[in-house]
Amino acid sequence: MKELLVISGKGGTGKTVVTGAFASLAENTVIVDCDVDAADLHLLLSPTVKEAHLFKSGLQPVIDEERCTRCGTCRTVCRFDAVTPKLSISHIDCEGCGFCANACPEQAIEMIENVSGEWYISETRYGPFVHAKLGIAEENSGKLVTLVKQQARSVAEESGSDLILIDGSPGIGCPVIASLAGVDCAVVVTEPTISGLHDAGRVIEVAKHFDVPVKVVVNKFDLNEEMTQKTEEYCRNNGIAVLGKIPFCESVVRATVEGKTVVEYDHGEAKPAIVKIWKTLEEELGV
Amino acid sequence: MIIAVASGKGGTGKTTVAVSLALVILEVQLLDCDVEEPNSHIFIRPAITDTEAVPILVPKIDEEKCTSCGRCSSVCVYNAIAVLGTHTLVFPELCHGCGACSYFCPEGAIEEVPRNIGTVEAGSGRGLKFVHGILNVGEAMSPPLIRAVKRHTDKNPVTIIDAPPGTSCPVITSIKGSDFCILVTEPTPFGLNDLMLSVEVLRKMRIPFGAVINRCDIGNRETVSYCKKERIPILMEIPFRREIASAYSKGIPIVEAVPEYRGRFIDLYKSVLKLQGMNQS
Ligand code: SF4
Ligand code: SF4
């Protein structure tokens, strides 16, 4: 069984569109959405939820007003400014470290389990789909990503799948690092802009840092052919394979509006380009 | 006044809007808080005058004093410190720098030492003051670095914050304390889905906001209907033009590539001022 992750560094380069297209081309696959912060893949896959579970992200302090003598120790020790001058907890700022609870001389602070999201195992027209929804303004997206990936692995083992296909999140921080763990290959979808190359470069560095092999796809390559060349040059100089280039194509948005993947939507030049990229990838991964 | 520019979905044009808005305001400061993937500098090309490494404090164990009592590991909820036999090990990448271990160590065996997670650079370019943060590759935690960028805020008169995408801690840390937030979106199902999430975040944080719809002529009209239904003011609509996309790809701000946009961004600024004023009275 292989694990394939699609990431981008910069947001909005077409990561989810590409993952959706791969999902409709791959066979015997478990599909995973690790962009738990702003998940979108379900909009293309219209999943039927089979199982829903609460995500417990960690502990959060609750002050027992009866016991509290208003000494202010919690506010002094907290490094995240999460205890307000009126000595109430600002949950938006709290990192759940528990320092306040341990330091409170009256033992007036209890750490209680915080439910900060949900995760699901669903069925789609392309196979099982594991996804999640992080609550609004919640933390610990990295932990939720790790959980979702573990679940996907057990679903894949049960169903004897050949591949786990993962849609990652933008950026290079904790959810991205969590999504990189243990994957066989990361496909970086970039766009031919200075920002796109800059950001792809950074996420490629992160993947290398964690020893994950990287391949690149240039999306909307014809919007700036010069930048596309620069991106290819960058890849060549860094020993990274460019899997292919996808032209800018209005049908991509139209397909999305209809809740279809580019492969299902039979118009435009984007589809053949993605199909070709998938074939190459399939061969290289050996699935 | 602090105006944040945010977006649930990445790549909707947050940086385009933040940079162009900053460029039409006199006496303004632009803070790029997207420390994972900072892009504003590409459009501003600032001359950097100050560089500062940003550390978080992590524990260092004095083996001589440590009695392996295990108090440190029992107070660390992140499993960043562990006692194995007579050795106390620190896993710096897991440490959030909360300081609990050194505070509770009964032997005074824990000293806190800085570990750099990124860099803040400050300077100026195109007539504005500029600050951004660059997270070190392989670092998971961006909020401490975002806070370091925000310490450069000089509220007078206007600070524009380019926030990272998403709805979780990095975004919250970036937009916290803003007087107004501009949400940039695009009229596609992805854009709308992520806009709805951002709206929930802002309502929870009680920050007044409005929407800018980028590439307004692609996709469908559902985003506009949603905004109307939710009474979210649409501050500006920017159509898809190859010349705008091409200028963006080369790092040229839209107000420079298409001069009529200067006026449009001035209008955007005026709408923000008006809405923000209404909110205060
Ligand atoms: S749990 Fe930690 S971050 Fe939260 S309020 Fe207590 S000391 Fe502050
Ligand atoms: S500073 Fe806090 S997070 Fe870091 S090792 Fe000590 S207790 Fe754990």
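A few points about a negative patch on the surface
Residue and element names in this part refer to chain A. Together, Asp-64, Glu-65, Glu-66 and Glu-110 line one region of the surface with negative charge. Its location among the elements puts Glu-65 in the loop between β3 (48-63) and α3 (73-77). Assessed through its relative accessible area of 53%, Glu-65 is described here as exposed.

Looking at the site of ligand 1
Not every one of the 13 residues close to ligand 1 is listed here, only the nearest: A:Cys78, A:Cys94, A:Cys97, A:Gly98 and A:Cys100. Partitioned by chemical class, the residues of the shell around ligand 1 number 10 nonpolar, 2 polar and 1 charged.

Considerations on the domain arrangement of chain A
As assigned here, chain A comprises domain 1 (2-46 + 125-285) and domain 2 (59-115). Here the C-alpha centre of domain 2 of chain A lies 40 Å away from the C-alpha centre of domain 1 of chain A.

Notes on the domain arrangement of chain B
For chain B, the assigned domains read domain 1 (2-30 + 155-280) and domain 2 (55-116). Look at where the C-alpha atoms of domain 1 of chain B and domain 2 of chain B centre, and you get two points 43 Å apart.

Comments concerning the pairing of strand β1 (residues 2-7) of chain A
All names here are of chain A. With respect to burial, β1 is a largely interior element, 5 of its 6 residues being buried. Relative to strand β6 (residues 163-167), β1 runs parallel, the two being bridged by 5 bridges. For Val-6, the partnering residue across the bridge sits in β6 and is Asp-167.

Quick look at the state of the cysteines
Applying the stated criterion across every chain, the model contains 0 disulfides over all chains. Distance from the sulfur of B:Cys169, which forms no disulfide, to the nearest cysteine sulfur (A:Cys174) is 5.8 Å. Look at B:Cys169 and you get buried, because its relative accessible area is 14%.

Some details on the site of ligand 2
Every residue lining ligand 2 is accounted for by B:Pro59, B:Cys76, B:Tyr78, B:Ala80, B:Cys95, B:His96, B:Gly97, B:Cys98, B:Gly99 and B:Cys101. For the shell around ligand 2, a count of residues per class yields 7 nonpolar, 3 polar and no charged.

Section: helix α8 (residues 222-229) of chain B
All names here are of chain B. Considered for burial, the residues of α8 that qualify are Thr-223, Val-224, Tyr-226 and Cys-227. End-on, the buried residues of α8 take up no more than an arc of 160°, which puts them together on one face. Opposite its buried face, α8 presents the exposed residues Lys-228 and Lys-229, each directed more than 90 degrees away. Tucked inside the fold, the buried residues of α8 contact β9 (180-185), α7 (189-205), β10 (209-214) and β11 (234-238). Directly after α8, the chain includes Arg-231, whose backbone phi takes a positive value near 55°.

Here we look at the layout of surface pockets
All names here are of chain B. Each pocket or cavity is described by its volume, and for the second largest pocket that value is around 390 Å³. Secondary structure elements with two or more residues in the lining of the second largest pocket: α5 (143-150) and α6 (169-175). Tallied by class, the residues present in the lining of the second largest pocket amount to 5 nonpolar, 2 polar and 9 charged.

Concerning the environment of B:Thr15
All names here are of chain B. With respect to the secondary-structure elements, Thr-15 resides in helix α1 (residues 14-24). For the pair Thr-15 and Pro-38, spaced 23 residues apart in sequence, the C-alpha separation works out to 9.1 Å. Thr-15 has contacts with Asn-39, Ser-40, Phe-43 and Asp-162, leaving out every residue within four places of it along the chain. Polar side-chain contacts of Thr-15 include one of 2.9 Å to the side chain of Asp-162.

Re the interface of chain B and chain A
Counting residues at the interface gives 58 residues for chain B, matched by 59 residues for chain A. Buried area between chain B and chain A, both sides added, is near 4800 Å², and the carbon and sulfur share of it is 60%. For the chain B face of the interface with chain A, the top three residues by lost area are B:Glu37, B:Val137 and B:Phe190, together amounting to 14%. Applying the counting criterion to the chain B and chain A interface returns 3 salt bridges. One salt bridge connects B:Glu37 with A:Arg202, and the closest N-O pair in it is separated by 3.7 Å. Linking chain B to chain A there are 27 residue pairs in polar contact (both at pLDDT 80 or more).

Regarding the sheet that holds β3(A)
All names here are of chain A. Pairing is mixed across the open sheet formed by 9 strands, whose spatial order is β3-β4-β5-β2-β6-β1-β7-β8-β9. In this open sheet, the two strands that pair with only one neighbour each are β3 and β9 (241-246). Taken over all neighbouring pairs, the strand axes of this sheet differ in orientation by 20° on average, direction set aside. Bridge count for β1 against strand β7 (residues 185-190) is 4 bridges, and the pairing is parallel. By the bridge assignment for β7, Leu-5 is matched with Ala-186. Strand contacts of helix α1 (residues 15-25): β1, β2 (29-33), β6, β7 and β9, with the helix running at about 160° to β6, the strand carrying the most contacts. Of the strands in this sheet, β1, β7 and β8 (214-219) are in contact with helix α7 (residues 194-209), which crosses β7 at around 170°.

Rules and cut-offs
- Residues numbered from 1 in each chain as written.
- Chains lettered and ligands numbered in written order.
- Predicted model: local features only at pLDDT ≥ 70, side-chain atom pairs only at ≥ 80, totals over all residues.
- Heavy atoms only, no water.
- Patch = residues over 30% accessible without salt bridge, like charges linked within 9 Å, V, L, I, M, F, W, Y side chains within 5 Å.
- Areas by Shrake-Rupley, 256 points an atom, 1.4 Å probe, with all protein chains shown as cover.
- Salt bridge = Lys/Arg side-chain N within 4 Å of Asp/Glu carboxyl O.
- Lys, Arg positive; Asp, Glu negative; His and termini not counted.
- Charge placed at Lys NZ, Arg CZ, Asp CG, Glu CD.
- Helix = DSSP H or I, 4+ residues; strand = E, 2+ residues; numbered from the N terminus.
- Buried < 20%, exposed > 50% of the residue type's maximum accessible area, 1.4 Å probe, protein only.
- Near = heavy atom within 4 Å.
- Nonpolar A, V, L, I, M, F, W, Y, C, P; charged D, E, K, R; others polar.
- Domains from an automatic or database assignment.
- Pairing = 2+ DSSP bridges.
- Disulfide = S-S within 2.5 Å.
- Arc of directions from axis to C-beta.
- Contact = heavy atoms within 4.5 Å.
- 1 Å grid on protein atoms, 1.4 Å probe; cavity = no way out; pocket = protein on both sides within 12 Å on 5 of 7 lines; lining within 4 Å.
- Points joined across faces, edges and corners; volume = space filled by probe spheres on them.
- Polar contact = N/O pair within 3.5 Å; in protein donor to acceptor, adjacent residues only side chain to side chain.
- Buried area = accessible area lost by both parts, 1.4 Å probe.
- Axes fitted to C-alpha atoms, helices over the stretch in contact; angles between N-to-C directions.

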